[in-house]
Amino acid sequence: MDPYKVLGVSRDATDEEIKKAYRKLSRKYHPDANVGNPNQAAFEEKFKEVQQAYNLIMDQRQGKTREAALSSRVLRTFGGSAASEVLEAMAHTATGVPRMNRRTTGI
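**Remarks on the packing of helix H2 (residues 15-29) against helix H3 (residues 40-61)**
For the pair H2 and H3, interaxial distance at closest approach is 9 Å and the crossing angle is 165 degrees. Comparing the axis directions of H2 and H3 gives the class roughly antiparallel. Note on packing geometry: the crossing formed by H2 with H3 is left-handed. Here Asp-15, Ile-18, Lys-19, Tyr-22, Leu-25, Ser-26, Lys-28 and Tyr-29 of H2 come into contact with H3, specifically with Phe-43, Glu-44, Lys-46, Phe-47, Val-50, Gln-51, Tyr-54, Ile-57, Met-58 and Arg-61. For the contact of H2 with H3, the per-class residue count stands at 10 nonpolar, 2 polar and 6 charged.

Here you go:
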């Protein structure tokens, strides 16, 4: 799926143009706007696709990756050194490769 194509904008569109296209399509395909419509299920799928496309574009433009977003949530939740320990444990779990422990290596 090309998120820019889904929203009907070019890759060099401004954030404002992307937001405008997103809002227009969201209103058009929103489930509440299509109650009783024989194509309601298809419209609901299109609505979800529009949501996904917008989120993907905005995440990419803001330089967010899934890992960065998760890291910031963990830091806000746990804070300080506890957060880094949680992130290291998560990285170990995800990759199966332990990260170097700063306390034992003296780094």
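**Some remarks on a positive patch on the surface**
There is a patch of like positive charges on the surface, built from Lys-20, Arg-23, Lys-24, Arg-27 and Lys-28. Within the fold, Arg-27 resides in helix H2. Of the residues examined, Arg-27 reaches a relative accessible area of 58% and is grouped as exposed.

**Concerning H3**
Three- or four-residue spacings in an α-helix give side chains the same orientation, since the helix completes a turn every 3.6 residues. A rise of 1.5 Å per residue sets the reference length of H3, with its 22 residues, at 32 Å; its end C-alpha atoms lie 32 Å apart and thus fit the reference within 8%. Along H3, the residues classified as buried are Phe-47, Val-50, Ala-53, Tyr-54, Ile-57 and Met-58. For H3, the angular spread of the buried residues around the axis is 130 degrees, confining them to a single face. When the buried face of H3 is taken as reference, the exposed residues oriented beyond 90 degrees from it are Ala-41 and Gln-52. Among the structural elements, helix H1 (3-7) and H2 are those in contact with the buried residues of H3. Within two residues after H3, Gly-63 carries a phi angle of roughly 75 degrees, on the positive side.

**Let's talk about the pattern of salt bridges**
What the rule picks out here adds up to 3 salt bridges. The salt bridge involving Glu-45 is made with Lys-48; its shortest N-O contact spans 4.0 Å. Of this pair, Glu-45 and Lys-48 both sit in helix H3, 3 residues apart, roughly one helical turn. Residue classification places Lys-48 among the partly exposed positions, given a relative accessible area of 44%.

**A short note on the packing of aromatic side chains**
Counting across every chain of the model gives 2 aromatic pairs. A centroid spacing of 4.0 Å and a plane angle of 15 degrees characterise the contact between Tyr-22 and Tyr-54, whose relative ring orientation is stacked. Separated by 32 residues along the polypeptide, Tyr-22 in helix H2 and Tyr-54 in helix H3 bring together distant segments of the chain. Note on Tyr-54: relative accessible area 14%, which makes it buried. Pairing Tyr-29 with Phe-43 gives two aromatic rings, centres 5.3 Å apart and planes at 85 degrees, and the pair type is edge-to-face. Taken as a pair, Tyr-29 in helix H2 and Phe-43 in helix H3 lie far apart in primary sequence, 14 residues in all. The class of Tyr-29 is buried, set by a relative accessible area of 13%.

How each quantity is defined
- Residues numbered from 1 in each chain as written.
- Predicted model: local features only at pLDDT ≥ 70, side-chain atom pairs only at ≥ 80, totals over all residues.
- Heavy atoms only, no water.
- Axes fitted to C-alpha atoms, helices over the stretch in contact; angles between N-to-C directions.
- Helix = DSSP H or I, 4+ residues; strand = E, 2+ residues; numbered from the N terminus.
- Parallel < 35°, antiparallel > 145°, perpendicular 65-115°, else oblique.
- Left-handed = near helix turned anticlockwise from the far one by under 90°.
- Contact = heavy atoms within 4.5 Å.
- Nonpolar A, V, L, I, M, F, W, Y, C, P; charged D, E, K, R; others polar.
- Patch = residues over 30% accessible without salt bridge, like charges linked within 9 Å, V, L, I, M, F, W, Y side chains within 5 Å.
- Areas by Shrake-Rupley, 256 points an atom, 1.4 Å probe, with all protein chains shown as cover.
- Salt bridge = Lys/Arg side-chain N within 4 Å of Asp/Glu carboxyl O.
- Lys, Arg positive; Asp, Glu negative; His and termini not counted.
- Charge placed at Lys NZ, Arg CZ, Asp CG, Glu CD.
- Buried < 20%, exposed > 50% of the residue type's maximum accessible area, 1.4 Å probe, protein only.
- Expected span 1.5 Å × (residues − 1).
- Arc of directions from axis to C-beta.
- Phe/Tyr/Trp six-rings, centres within 6.5 Å; stacked < 30°, edge-to-face > 60°.

All we've got here are geometric facts, nothing functional implied.
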